[in-house]
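# Commentary on secondary and tertiary structure
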Amino acid sequence: MIETGQGDHITTCRAEILGNRQVARNLFRLRLALPSDWGPAEPGQFVNVTPEPAWEENVPGDAGGSLLRRPFSLAGVGHEGNRTVIEILYAVVGKVTRQMQRLPPRAHLDVLGPAGTVFPIDPGAHSLLVGGGRGIAPLLYLAAEQRRRKLPFTLVYGVRTAEEWAPLGPLARGALLTAEDGSGGLRGTVIDALEQAPAESGAAVMACGPHGMLHAVAKWAHERGHTCWVSVEEVFGCGVALCGGCAIPARGGDGEYDRYLWACRDGPVVRSERIDWEAWRQLGAATPPAGP
Amino acid sequence: MSGHTAREVDLSVDLGSLELSNPVMSASGTFGYGDEDPELTQVRALGALVTKTVTLNPRAGNPPPRLCETPAGLLNSIGLQNVGIQTFAREILPRLQDLGPPVIVSVGGSTADDYARCAEILDRVECAALELNISCPNVASGLEFSRSPAEAAKVVRGVRRRTKRPIFAKLSPNVTDIVAVGRACVEEGADGLVAVNTFLGMAVDVEREQPVLPRVVGGLSGPAIRPLALCRVWELARCLPCPVIGVGGIVTARDALEFLLAGARAVQIGTANFREPARGAKVVAGLRTLLDEKGVNRLRDFVGRLRLPPTEVS
Ligand SMILES: Cc1cc2nc3c(=O)[nH]c(=O)nc-3n(C[C@H](O)[C@H](O)[C@H](O)COP(=O)(O)OP(=O)(O)OC[C@H]3O[C@@H](n4cnc5c(N)ncnc54)[C@H](O)[C@@H]3O)c2cc1C
Ligand SMILES: Cc1cc2nc3c(=O)[nH]c(=O)nc-3n(C[C@H](O)[C@H](O)[C@H](O)COP(=O)(O)O)c2cc1C
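Please read these numbers as outputs of a predicted model, since none were measured by experiment.

## A word on the site of ligand 2
All names here are of chain B. Around ligand 2, the structure places 22 residues, and the nearest of them are Ser28, Thr53, Lys170, Gly249 and Thr271. Contact between ligand 2 and serine 28: an oxygen atom at 2.7 Å from a main-chain N or O atom of the residue. The contact in question runs from a nitrogen atom of ligand 2 to an N or O atom on the side chain of threonine 53, over 2.6 Å. Starting from 610 Å² of accessible surface for ligand 2 in isolation, the protein chains cover 96%. Among the residues forming the shell around ligand 2, the class breakdown is seven nonpolar, 14 polar and one charged.

## As for the sheet that holds strand S7 (residues 108–115) of chain A
All names here are of chain A. With antiparallel pairing, seven strands are arranged side by side in an open sheet as S4-S3-S7-S1-S2-S6-S5. Two strands in the sheet have a free side with no partner beyond their single neighbour: strand S4 (70–73) and strand S5 (76–80). For this sheet the average axis-to-axis angle between neighbouring strands, irrespective of direction, equals 35 degrees. Relative to S7, strand S3 (residues 46–50) is paired through four bridges, and the arrangement is antiparallel. Within the sheet, the bridge partner assigned to phenylalanine 46 lies in S7 and is alanine 115.

## A closer look at the site of ligand 1
All names here are of chain A. Ligand 1 sits among 20 residues. The nearest are Arg70, Pro71, Leu89, Val96 and Thr97. One of the backbone N or O atoms of alanine 91 is found 2.8 Å from an oxygen atom in ligand 1. Protein coverage of the free-state accessible area of ligand 1, which is 890 Å², stands at 84%. Elements represented by at least two residues in the shell around ligand 1 include exactly S4, strand S6 (83–90) and helix H1 (95–101). Broken down by element, the shell around ligand 1 gets its largest block of residues, four residues, from S4. Looking at the shell around ligand 1, its residues break down into 12 nonpolar, three polar and five charged. Both domains that meet at the shell around ligand 1, namely domain 1 (11–115) and domain 2 (127–285), each give it at least three residues.

## Some thoughts on the packing of aromatic side chains
For the coordinates displayed, the defined rule picks out six aromatic pairs over all chains. Taking 5.4 Å as the distance between ring centres and 25 degrees as the angle between the ring planes, the aromatic pair formed by phenylalanine 28 of chain A and tyrosine 90 of chain A counts as stacked. Here phenylalanine 28 of chain A, found in strand S2 (residues 27–35), pairs with tyrosine 90 of chain A, found in strand S6; they are 62 residues apart in sequence, far enough to count as distant. Their ring planes at 70 degrees and their centres at 5.3 Å tell us that phenylalanine 46 of chain A and phenylalanine 236 of chain A sit as a pair that is edge-to-face. Residue phenylalanine 46 of chain A is found in strand S3, and its partner phenylalanine 236 of chain A is found in the loop between strand S13 (227–231) and strand S14 (247–249); the two are separated by 190 residues along the sequence. Each member of the pair, phenylalanine 46 of chain A as well as phenylalanine 236 of chain A, is classed as buried. A connected cluster of aromatic rings, assembled from ring pairs, spans Phe28, Phe72 and Tyr90 of chain A. Over the aromatic face of tryptophan 262 of chain A sits the side chain of arginine 265 of chain A, whose NZ or CZ is 4.4 Å from the ring centroid. Cation over ring: arginine 275 of chain B sits above tryptophan 55 of chain A, and NZ or CZ is 3.9 Å from the ring centre.

## Observations concerning the interface of chain B and chain A
If you look at the interface, chain B gives 41 residues, while chain A gives 41 residues. For the pair chain B and chain A, the two sides together bury roughly 3,500 Å², of which 61% comes from carbon and sulfur. One can count three salt bridges joining chain B with chain A. Remark: the boundary between chain B and chain A carries 12 residue pairs in polar contact (both at pLDDT 80 or more). The set of elements that each furnish at least two residues to the side of chain B that touches chain A consists of helix H1 (38–41), strand S5 (67–70), strand S6 (73–76) and helix H8 (272–275) of chain B. Sorting elements by how many residues they give to the side of chain B that touches chain A places H8 of chain B first, with four residues. When grouped by side-chain class, the residues that make up the side of chain B that touches chain A number 18 nonpolar, 12 polar and 11 charged.

## A short note on the pairing of strand S12 (residues 204–208) of chain A
Residues and elements named next belong to chain A. In terms of residue burial, S12 counts as a mostly covered element, since five of its five residues are buried. Across the two faces of S12 the burial is the same, with Ala204, Met206 and Cys208 and Val205 and Ala207 all buried. Alignment of strand S8 (residues 127–132) against S12, held across four bridges, turns out to be parallel. Across the sheet, leucine 128 pairs through a bridge with valine 205, a residue of S12. Relative to S13, S12 runs parallel, the two sharing five bridges. Along S13, the bridge assignment pairs alanine 204 with threonine 227. Crossover S12 to S13 through helix H4 (residues 211–223) is right-handed.

## A few points about a nonpolar patch on the surface
Residue and element names in this part refer to chain B. A surface patch of nonpolar side chains, amounting to about 490 Å² of accessible area, comprises Leu200, Met202, Val204, Val206, Val216 and Val217. Structurally, the position occupied by leucine 200 is in strand S11 (residues 199–202). Take leucine 200: its relative accessible area is 38%, and that puts it in the partly exposed class.

## Describing the side chain of asparagine 48 of chain A
Residues and elements named next belong to chain A. Positionally, asparagine 48 belongs in strand S3. Polar contacts involving the side chain of asparagine 48 include one to the main-chain amide nitrogen of arginine 70, which spans 3.3 Å. Those residues in contact with asparagine 48, other than ones at most four positions away along the chain, are Arg69, Arg70, Pro71, Asp110, Val111, Leu112, Cys238 and Gly239.

## Overview of helix H2 (residues 136–148) of chain A
Structural remark: α-helix, 3.6 residues per turn; residues separated by three or four positions point the same way. Residues and elements named next belong to chain A. Taking 1.5 Å of rise per residue, the 13 residues of H2 would be expected to cover 18 Å, and the 18 Å separating its terminal C-alpha atoms lies within 8% of that figure. Of all the 13 residues making up H2, 10 are buried; the element is thus mostly covered by neighbouring parts of the structure. Here H2 has its buried residues at Ile136, Ala137, Pro138, Leu139, Leu140, Tyr141, Leu142, Ala143, Glu145 and Gln146. Contact partners of the buried residues in H2: S4, S5, S6, S8, strand S9 (153–159) and S12. Two residues or fewer after H2 comes lysine 150, characterised by a positive phi angle close to 55 degrees.

Cut-offs applied
- The numbers attached to residues start from 1 for each chain and follow its sequence in the written order.
- Chain letters and ligand numbers both follow the written order, the letters beginning at A and the numbers at 1.
- It should be noted that, the model being predicted, local features are given only for residues of pLDDT at least 70 and side-chain atom pairs only at 80 or more, the latter also being counted only at that level, while totals for whole chains, interfaces and linings use all residues.
- Excluding hydrogens and water, the side-chain figures rest on all heavy atoms present in the structure.
- Being near a molecule or strand, for a residue, means having at least one of its heavy atoms within 4 Å of it.
- Polar contacts here mean pairs of N or O atoms no more than 3.5 Å apart (in protein, one a potential hydrogen donor and the other a potential acceptor; neighbouring residues in sequence count only if both atoms are side-chain atoms).
- Using a 1.4 Å probe, the Shrake-Rupley method yields the accessible areas, and only the shown protein chains count as cover for residues.
- Gly is put with the polar residues, along with every residue not named as nonpolar or charged; the nonpolar set is Ala, Val, Leu, Ile, Met, Phe, Trp, Tyr, Cys and Pro, and the charged set is Asp, Glu, Lys and Arg.
- At least two bridges found by DSSP between two strands are what make those strands a pair.
- Per the convention used, a helix needs a DSSP run of H or I reaching at least four residues, while a strand needs a run of E reaching at least two, with both numbered from the N terminus.
- Angles run from 0 to 180 degrees between N-to-C directions of axes, and those axes are lines fitted to C-alpha atoms, restricted for helices to the stretch in contact.
- The split of the chain into domains comes from an automatic or database domain assignment.
- For Phe, Tyr and Trp, where Trp contributes only its six-membered ring, two rings pair if their centres lie within 6.5 Å, and the inter-plane angle classes them as stacked under 30 degrees, edge-to-face over 60, or tilted in between.
- The cut-offs for exposure are 20% and 50% of the maximum accessible area for each residue type, with area from a 1.4 Å probe on protein chains only; residues under the lower value are buried, those over the upper are exposed, and the others partly exposed.
- Our definition puts a charge over a ring when NZ of Lys or CZ of Arg is within 6 Å of the ring centre and also within 35 degrees of the ring normal.
- Residues are treated as being in contact if the distance between any of their heavy atoms lies within 4.5 Å.
- Buried area, as used here, totals the accessible surface that two parts lose on assembly, with accessibility defined by a 1.4 Å probe and the loss added over both.
- A pairing counts as a salt bridge when a side-chain nitrogen of Lys or Arg comes within 4 Å of a carboxyl oxygen of Asp or Glu.
- A crossover gets the label right-handed when its path from the first strand over the helix to the second runs clockwise, viewed with the strands pointing away from the viewer.
- Residues form patches when they are more than 30% accessible in relative terms and have no salt bridge. Like charges link within 9 Å. Nonpolar side chains (Val, Leu, Ile, Met, Phe, Trp, Tyr) link within 5 Å.
- By this rule the span expected of a helix is its residue count minus one, scaled by 1.5 Å.

Purely geometric numbers; function is a separate question.
Below, the structure written as structure tokens:
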């Protein structure tokens, strides 16, 4: 099984914005053009972006700009002509995502990536791909890849209210949709939907979403003896293991040094057993604000 | 006279017995151990590589969140997560030697004896120099030795007895009189001073009504601290005879020139690497261009040539 895809082809480059539009309540789809030899990227990996101009042109802070890049999962990768086109799905929650929302087509964004570990694809298993809220992003890429390779999967997508659903296009067929408030699909959470998943599915579970959801999915999978992989988030400094900022409480290591894993280098995709869910919950981390 | 190309500018500097091909280094803890994706970081272009701080025993580091971006700055509370000196010396250090630049190992400890024992271990392996991190604000056990001249002196004295390698003491800016601490280090045999480590800072999450960092305070770095760091570097450079390595908020070659003019013999790039992993390489290239534009052939002639207004009383 593939466990890590990091470090091979990470570059920084200026990407041109092809499109940037709202697709659901507080969810935006950004399409970016990159050089044809960018990557290769795989589902699960992320890019770390900044809308700031080159440093020689502007001292950060002077215009209230941002200092660090912000990480986003790849929601899709394709090729158009002699360019690589990547897609990001983002929610507006703070300084940089607010800035991103205002970027028009043809504007530029500096992109570092692709970085991080990948979702392993097991051709023998009917996998369950579980996304909560904006956590659907990396699973759209994974689902598209599975579909292209004609590998069986069931997509499970939960939101709080129906207006938050990103359009799924051809991936909508067979998908299990839930809204917590009953405004569409099944009333309830992704766990309720998982109970209705096809009997042959589940041997591999891939999930991304808020902490509470990930923990619940991990428990659900564990109780059934399924392998569960989760894509985790923590505040990033660099995204390339220079700073050690994105620590997540870990289990099963064999020494003091193994008490934390780094979301950027050991993840974002990790086996759910490696995470100390309770310690992480108590730290109150990993639950980004809902946004406006 | 113009007409010569930027390439000809001699950027070499010496830090006591240590000669560097250029004055730009990575700052400890902002560049991994140094071998993280060498293509991306362009580590080969650096004058020297400073590792993240290594301690006698492995350390887990602090609970998350460990970072918080502030205006033009970054608060961190990493807590010196590292593999420990034994594993470092055995498995990591040999790899760093192949990267090119001289390797300066940053050492931390909870007691003066910890530093001495690390120095002993490092004396048996290959490395260019030791940087003593006596200024980390993010650990419980009094690692900020450089808050007191006597404590700082004790650490340097212990290490000096164990190694002939150049020793650089990295100072905390969280003191009233940084020159007193620097002087104490030099008197005990430090070959140079690194100034500065991060400034103590804090951020509050107003919605949750709690500190953003679980340990409440952290270390502030990035462009926000550049004028503060520059001022400490200038004070040290004009009061003490030893080389001073300037660090704090440096992003561009122009920023580096500020420190070099103020008397820094070399500079380190920290937080800027997080946005651009190859920032150090960019600063090296930028220094060549800027010095050439100024008609400077040798960086050595430029260091410390700050022109003070006549009213400045020393
Ligand atoms: C690997 C990875 C993949 C991600 N993929 C996506 C994605 O596909 N789509 C998407 O919308 N977002 C994604 N995120 C989250 C995204 O990076 C943050 O929402 C973004 O950094 C916020 O930037 P900002 O400047 O708008 O907010 P800021 O002004 O920096 O912060 C606003 C608030 O959000 C909190 N916050 C910021 N980042 C995080 C975080 N990572 N975890 C928890 N709290 C945080 C801050 O503490 C603050 O309270 C991902 C994060 C990671 C680590
Ligand atoms: C995330 C982070 C980790 C750091 N870790 C260390 C460390 O391990 N040892 C050390 O001496 N300094 C450490 N520092 C301090 C830097 O080396 C540097 O002194 C400081 O950040 C100021 O420089 P800058 O503004 O260029 O970042 C760290 C700084 C940051 C931001």
